[in-house]
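Results of the structural survey
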Amino acid sequence: MKNTYSFPITICLLFFLAFSWQKATAQTTLVAGDIAITGYLGFGASVTPDQFSFVLLRNIAANTAIKFTDRGWGTDNVFSALAGESTVTWTATTALSAGVEVKIEGLTATLAGAGNPGTVSGTALSLSANGDQVLAYQGADASPTFISGIHSNVYTTANLDPTTTTAAAWDALTAANATFNSSALPTGLTTGVNAIWIGTQGSISSEKDNARFVCAGDLSTVASIKALIYNQSNWITSDGDPAGFTLPTACNYISALPVHLVRFFGTNNAMKAALSWTAENETNFSHYELERSIDGYKFNIIATVNYAGHTGSNSYTYNDVSAFINGDKTIYYRLKSVDNDGKFEYSNIVNITNTRKGEVGVYPNPVEGELHINGLLQNTSYTIKNTDGKIIQTGNVESNQRINVSSLPTGLYYIYIDNQALKFVKQ
């Protein structure tokens, strides 16, 4: 008997496999400064194969891939095509937190601590003893997004070299004129900000075979970590065999990185203040303290919310059932993020309006994407005008009492709704 269900079952199976593949291959898209290269070993009897290390400066998802190459980048925005230069791709096998430091030695990846940080594919880098580079990027080679870079070549025309290396431009040669050691500063990177040059302009002797960041200074924020790593005075270097010179650096980056509060907002839900927030980077984290105020200046703690205990992104909610018990028109809230070491940081302030008397309120103000409406019992028409009285947008308030204003230019506006004119700022 013919099975009349085989076709739809096949379609469902293909859809499931496609969805599973998409979910399994999702990765974190990185930008310049999201990692920092912390060292390289390119020459010495104990250096076989060559190696380099880097530290994550943001949380990443499993399957995130980063390419590393010793190919030079040209001023014409093309990689050099010289034989003998290569690229490896490191892929995280699990989600990793900011502060994790990874060493790549040949085609093997290891952590400063225990555990497997991922896989390495491609052709192992062979770093020249006469200057070279390691460039980190994502995307296609024809249009890469550079994330970090380190350069150790030192050219000078006084030594009959084709150019003079500088911190601002590195070797500044086109891909066609590149040598095995040279590279222009990659597009999107800046020396001292998200890239580093190990050398001194005009000094051939400053070209070093091996270099490593030293664990010294204030590592309490991402900004201070970058400032230290991308400052050449915080590095040690060597020529020849680097005795006692190991990677990764094993600096204690991880405990220094603060919580990153992605979003904190609130709504009036049946005369209860419903607060929600999302956070990342909760390593070495203790708890949140939710604070309330009736004037926006003097705040009191109303609740303590403990860390969810999961890596990656966490979401939290809290309902303040006593928000408007005293008949206050507007209540203000802020969030205090507290680390295990006692360090803390405050969030933005959100305000929630008492709508019991039918008053209409809008928030957040200023607003970027969606303008929330309080005090409407059903869908209502609205009109938005600019300060010249020109109608910019009209429509009906959606069932979730939100209006999308993301397309509005930055500026001051008035929304006319339910016989009231309310002012808001689009940022």
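See the structure printed just above.
Residue numbering note: each chain is counted from 1, following its sequence as written. Local features are withheld for residues below a pLDDT of 70 in this predicted model, meaning they are given only at 70 or higher, and side-chain atom pairs are given and counted only at 80 or more; totals for whole chains, interfaces and linings count all residues. Hydrogens and water molecules were not included; the side-chain quantities draw on all heavy atoms of the structure.

Here we take up the overall build of the protein chain. The numbering of helices and of strands both runs from the N terminus, where a helix is a DSSP run of H or I of at least 4 residues and a strand a run of E of at least 2. On a plain count of helices and strands, the protein chain comes out with two helices and 27 strands. For every residue, the accessible area (1.4 Å probe, protein chains only) is compared with the maximum for its type, and the residue is labelled buried under 20%, exposed over 50%, or partly exposed between those bounds. Expressed as a percentage of the 427 residues in the protein chain, the buried residues total 46%. Here the analysis covers contacts within the protein chain between residues at least 6 apart in sequence; of these, 63% occur between residues at least 24 apart. Reported accessibility uses the Shrake-Rupley method at a 1.4 Å probe radius. Residues are deemed covered only where the shown protein chains occlude them. By element, 53% of the accessible surface of the protein chain is carried by carbon and sulfur atoms, the whole surface being about 20500 Å². The criterion used for residue contact is that any of the two residues' heavy atoms lie within 4.5 Å.

Within the fold, Asp 171 resides in the loop between strand E9 (145-151) and strand E10 (195-197). Among the residues examined, Asp 171 registers a relative accessible area of 0% and is labelled buried. The contact partners of Asp 171, leaving out residues within four places of it in the chain, are His 151, Asn 153, Tyr 155, Thr 163, Thr 165, Asn 181, Ser 182, Ser 183 and Ala 184.

This next bit is on the packing of aromatic side chains. Two rings from Phe, Tyr or Trp (for Trp, the six-membered ring) form a pair when their centres sit within 6.5 Å of each other. Planes less than 30 degrees apart are called stacked, planes more than 60 degrees apart edge-to-face, and all others tilted. In total, this model carries 15 aromatic pairs according to the counting rule given. Ring centres of Phe 54 and Phe 68 lie 4.9 Å apart, and the angle between their planes is 35°; on these two criteria the pair is classed as tilted. Placement of the pair is Phe 54 in strand E2 (residues 51-56) and Phe 68 in strand E3 (residues 65-69), with a sequence separation of 14 residues. Taken individually, Phe 54 and Phe 68 each receive the classification buried, so the pair is uniform in this respect. Ring geometry for Phe 54 and Trp 90: centres 5.3 Å apart, planes at 70°, overall edge-to-face.

Let us now look at the environment of Pro 162. Turning to its location among the elements, Pro 162 is positioned in the loop between E9 and E10. When its relative accessible area of 52% is taken as the criterion, Pro 162 is described as exposed. Sequence separation between Pro 162 and Asn 177 is 15 residues; the distance between their C-alpha atoms is 8.8 Å. Look past the residues within four positions of Pro 162 in its chain and what remains in contact with it is Tyr 155, Thr 157, Leu 173 and Thr 179.

Glancing now at the sheet that holds strand E23 (residues 381-386). Pairing between two strands is assigned when DSSP locates at least 2 bridges connecting them. Strand order in the open sheet formed by four strands is E24-E23-E26-E27, and the pairing between neighbours is antiparallel. Since the sheet does not close on itself, it has two edges, and those belong to strand E24 (391-396) and strand E27 (420-426), each with one partner. In this sheet, adjacent strand axes meet at a mean angle of 25° when their direction is disregarded. Axis lines are fitted through C-alpha atoms, for helices just across the contact stretch, and the angle between N-to-C directions can take any value from 0 to 180 degrees.

Mapped onto the elements, Lys 336 comes out in strand E18 (residues 330-339). Once residues within four sequence positions are removed from consideration, Lys 336 is found in contact with His 287, Tyr 288, Glu 289, Glu 291, Phe 344, Glu 345 and Tyr 346.

Attention now goes to the sheet that holds E10. Working definition: the strands of a sheet are paired by backbone hydrogen bonds and lie parallel or antiparallel to each other. With respect to topology, six strands assemble into an open sheet ordered E7-E4-E3-E8-E9-E10, the strand pairing being mixed. The open sheet terminates on both sides in strands that have one partner only, identified here as strand E7 (119-122) and E10. Pairwise comparison of adjacent strand axes, ignoring direction, gives a mean angle of 20° for this sheet. Pairing of E9 with E10 involves three bridges; the strand directions are parallel. From the neighbouring strand, Ile 150 faces E10, where its bridge partner is Ile 196.

A word on unusual backbone geometry. The peptide bond linking Leu 247 to Pro 248 adopts the cis configuration, its omega dihedral lying at -5°. For Pro 248, the location among the structural elements is in the loop between strand E12 (235-238) and strand E13 (260-269). For the bond running from Asn 365 to Pro 366, omega is 15°, close enough to zero to count as cis. You can see Pro 366 is positioned in the loop between strand E21 (361-363) and strand E22 (370-374). Residues other than glycine seldom take positive phi values, yet Asn 63 does so here, at roughly 75°. By the element assignment, Asn 63 lies in the loop between E2 and E3. Its identity as a non-glycine residue notwithstanding, Ala 172 has a phi of 50°, on the positive side.

It is worth spelling out the pattern of salt bridges at this point. Only one rule defines a salt bridge in this text: a Lys or Arg side-chain nitrogen within 4 Å of an Asp or Glu carboxyl oxygen. Summed over all chains, the structure comprises eight salt bridges. A salt bridge links Lys 208 to Asp 239, with the shortest nitrogen-to-oxygen separation between them at 3.5 Å. Residue Lys 208 is found in the loop between E10 and strand E11 (210-213), and its partner Asp 239 is found in the loop between E12 and E13; the two are separated by 31 residues along the sequence. One network of salt bridges, with partners in common, ties together Lys 67, Arg 71 and Asp 141.

In this section: helix H2 (residues 222-229). At 3.6 residues per turn, the α-helix brings residues three or four places apart onto the same side. Among all positions of H2, only Ser 224, Ile 225, Leu 228 and Ile 229 are buried. Down the axis of H2, the buried set is contained in an arc of 130°. They therefore lie on one face. Contact partners of the buried residues in H2: strand E1 (35-41), E2, E10, E11 and E12. The reported arc concerns the directions from the helix axis to the C-beta atoms and nothing else.

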